[in-house]
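# Inside the fold
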Amino acid sequence: MGEAVNKLCVADIASVSAGDEELVQAAQKGDDAAFEMIFERHRLRIARITSRFFNRPEKIEEVVQEVFAKAYFALGDYSRERGSSFAAWLSKVAINSCYDELRRARRRPENNFSSVTQDETLFLNTRLRDENAADAEATAISRDLASKLLARLDADDRFILTLLDGEEMPVAEIARALGWGVSRVKVRAHRARVALRRVLSEFL
Amino acid sequence: MFWKNQKEDERLDPLGREITRRAAMNDEEIEAISSNIGYAAIHARIQARQNEPTVNEWMTTLMIARQAIPAMALVALIAAGWMWLASSGAAVGGSIDDALTGAAGAGIERVRAGGTCAISASDECAISTEDVLATLVKESGK
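Residues numbered from 1 in each chain as written. Chains lettered and ligands numbered in written order. Predicted model: local features only at pLDDT ≥ 70, side-chain atom pairs only at ≥ 80, totals over all residues. Heavy atoms only, no water.

### Things to note about the packing of aromatic side chains
One pass over the structure, following the stated rule, counts 11 aromatic pairs over all chains. Of note, R184(A) hangs over the ring of W180(A), and the distance from its end group to the ring centre comes to 4.2 Å. (Phe/Tyr/Trp six-rings, centres within 6.5 Å; stacked < 30°, edge-to-face > 60°. Lys NZ or Arg CZ within 6 Å of the ring centre and 35° of its normal.)

Take a look at the structure:
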């Protein structure tokens, strides 16, 4: 599923890139209609990226609005960047905005661990003990439960795991998008995996 | 112990990856959310930000400097306290014995006034105990 989403994103970028440059140039000169067209072209893709980090629709809407507002004021920076399409640049703005928002909201998580029901706890326990259960559709983890478990993680951990496993982004690409070093991404990823293991082992 | 942990990690990691993937919304949901976002809201956000009063750069620097005031005050207080302790310690700690034997002033010796020596640490200009005694005997003889 993650692969499908990722492929879809790449396809989206390819289809919307053509013509972006003209619109960006017009928007840089103050053409509001051009920026509105940019928004229409990229809205779904940015909502998809944002939805990887937040569950509540209102939150996603708010962050998407913030991404486009930030992009509007940072359009001048885009022209100075070499070798990346506008869609890739906008994705970078979106990822960074999500990261900022996750860090800001780290003390008020969207889900609470106490909301993991007894049935879900039992399900997880069975699933964790059964080594052959990974492929069976009947034992698939629901999105709700997955969200609850991820919400137990620190914002940084959730963020890096979502990029790596959810979006299936390579380490180098994550490093580029966030302006981090490759080793920093690897260290963060390792820490995040250890944290997730700790969360899961509580259900063993 | 190590092998046990590794085996457990191998079991937990794929499940962890599955959890991260499963947390994603499906395309219909994302489309529904995306279609709710109107450009008007973004335009309003941009307008609001454009109308925000631009903060003077000097004001920004002052605001940052203001945050450093408590730390700077603490450093100044510690330094003042340390200096006060050092000066009062020297006044109280200097005993008569030290004054007589010159232990407190080790390394710096008084030298003959009027000679080529001023305050010096060199041995050739230093007054010896014999010199002091001779002077005292001479003075009392008068």
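### Describing helix 3 (residues 39-51) of chain B
The α-helix winds at 3.6 residues per turn, so residues separated by three or four positions along the chain end up facing the same way. All names here are of chain B. Taking 1.5 Å as the rise per residue, helix 3 with 13 residues should run 18 Å; its terminal C-alpha atoms sit 18 Å apart, in good agreement. The complete set of buried residues in helix 3 reads Y39, I42 and I46. On an axial view of helix 3, the arc spanned by its buried residues comes to 65 degrees, and they lie on one face. With respect to the buried face of helix 3, the exposed residues turned more than 90 degrees away are A40 and N51. (Helix = DSSP H or I, 4+ residues; strand = E, 2+ residues; numbered from the N terminus. Expected span 1.5 Å × (residues − 1). Buried < 20%, exposed > 50% of the residue type's maximum accessible area, 1.4 Å probe, protein only. Arc of directions from axis to C-beta.)

### Structural notes on empty space enclosed by the protein
Using the criterion set out here, one finds two cavities of 30 Å³ or more in the structure. As a volume, the largest cavity reaches approximately 110 Å³. S51(A), R52(A), F53(A), F54(A), N55(A), L102(A), S147(A), L150(A), A151(A), R158(A), T162(A) and A23(B) are the residues that line the largest cavity. Residue assignment for the lining of the largest cavity shows that the elements contributing at least two residues are helix 7 (143-151) and helix 8 (155-166) of chain A. Looking at the lining of the largest cavity element by element, the count peaks at three residues for helix 7 of chain A. A class-by-class count of the residues in the lining of the largest cavity yields six nonpolar, four polar and two charged. Shared between two domains, the lining of the largest cavity takes at least three residues from each, and those domains are domain 1 (1-106) and domain 2 (109-204) of chain A. (1 Å grid on protein atoms, 1.4 Å probe; cavity = no way out; pocket = protein on both sides within 12 Å on 5 of 7 lines; lining within 4 Å. Points joined across faces, edges and corners; volume = space filled by probe spheres on them. Nonpolar A, V, L, I, M, F, W, Y, C, P; charged D, E, K, R; others polar. Domains from an automatic or database assignment.)

### Some points on the interface of chain B and chain A
Counting residues at the interface gives 35 residues for chain B and 50 residues for chain A. Where chain B abuts chain A, roughly 4,100 Å² becomes buried across the two surfaces, and 64% of that area is made up of carbon and sulfur atoms. Looking at the side of chain B facing chain A, the largest losses of area belong to I19(B), I37(B) and Y39(B), adding up to 16% of the total buried there. Taken together, chain B and chain A are joined by five salt bridges. Salt-bridge contacts for R197(A) lead to D13(B); the nearest nitrogen and oxygen are separated by 2.9 Å. For the interface between chain B and chain A, the tally reads eight residue pairs in polar contact (both at pLDDT 80 or more). Top element by residues in the side of chain B that touches chain A is helix 1 (residues 2-22) of chain B. It accounts for 13 residues. (Contact = heavy atoms within 4.5 Å. Buried area = accessible area lost by both parts, 1.4 Å probe. Salt bridge = Lys/Arg side-chain N within 4 Å of Asp/Glu carboxyl O. Polar contact = N/O pair within 3.5 Å; in protein donor to acceptor, adjacent residues only side chain to side chain.)

### Topic: the packing of helix 5 (residues 86-104) of chain A against helix 8 of chain A
Residues and elements named next belong to chain A. Contact geometry of helix 5 with helix 8 gives a least axis separation of 9 Å together with a crossing angle of 150 degrees. As far as their axial angle goes, helix 8 and helix 5 are roughly antiparallel. For the pair helix 5 and helix 8, the sense of crossing is right-handed. Contacts between helix 5 and helix 8 pair I95, Y99, L102 and R103 from the former with A155, D156, R158, F159 and L163 from the latter. Of the residues contributing to the contact of helix 5 with helix 8, the split by class is six nonpolar, no polar and three charged. (Axes fitted to C-alpha atoms, helices over the stretch in contact; angles between N-to-C directions. Parallel < 35°, antiparallel > 145°, perpendicular 65-115°, else oblique. Left-handed = near helix turned anticlockwise from the far one by under 90°.)

### Quick word on unusual backbone geometry
Backbone phi values are negative for most residues with the exception of glycine, while trans is the configuration of most peptide bonds. Residue and element names in this part refer to chain A. A positive phi angle is found at E168, which is not glycine, with a value near 55 degrees. Of note, E168 is situated in the loop between helix 8 and helix 9 (171-178). Looking at E168, the relative accessible area reads 27%, which means it is partly exposed.

### Comments concerning the pattern of salt bridges
Residue and element names in this part refer to chain A. Under the defined criterion, the tally for this structure stands at 20 salt bridges over all chains. Between E58 and R56 there is a salt bridge whose closest N-O contact spans 3.1 Å. By relative accessible area, which is 39% here, R56 ends up partly exposed. Across the salt bridge formed by K59 and E101, the nearest N and O atoms sit 2.7 Å from each other. Of this pair, K59 sits in helix 4 (residues 57-80) while E101 sits in helix 5, and the two are 42 residues apart along the sequence.

### Some words on the environment of R41(A)
Structurally, R41(A) is set in helix 3 (residues 32-51). Residue classification places R41(A) among the partly exposed residues on the basis of a relative accessible area of 29%.

### So, the confidence of the model for chain A
Residues and elements named next belong to chain A. When the pLDDT values of chain A are averaged, the result is 81; 80% of them are 70 or greater. Confidence, expressed as mean pLDDT per element, reaches its minimum in chain A at helix 1 (residues 2-17) with 48 and its maximum at helix 3 with 94. Across residues 1-8 the pLDDT falls below 50, and counting only partners more than four positions away or on other chains, this stretch makes 13 contacts in the model. (pLDDT = per-residue confidence, 0-100.)

### With respect to helix 9 of chain A
Residues and elements named next belong to chain A. Looking at helix 9, one finds that the buried residues are I174, A175, A177 and L178. Around the axis of helix 9, the buried residues are gathered within 165 degrees of arc, so they sit on the same side. Check the buried side of helix 9 and you find it contacts helix 5, helix 8 and helix 10 (182-201). Positive backbone phi, approximately 70 degrees, marks G179, located one or two places after helix 9.

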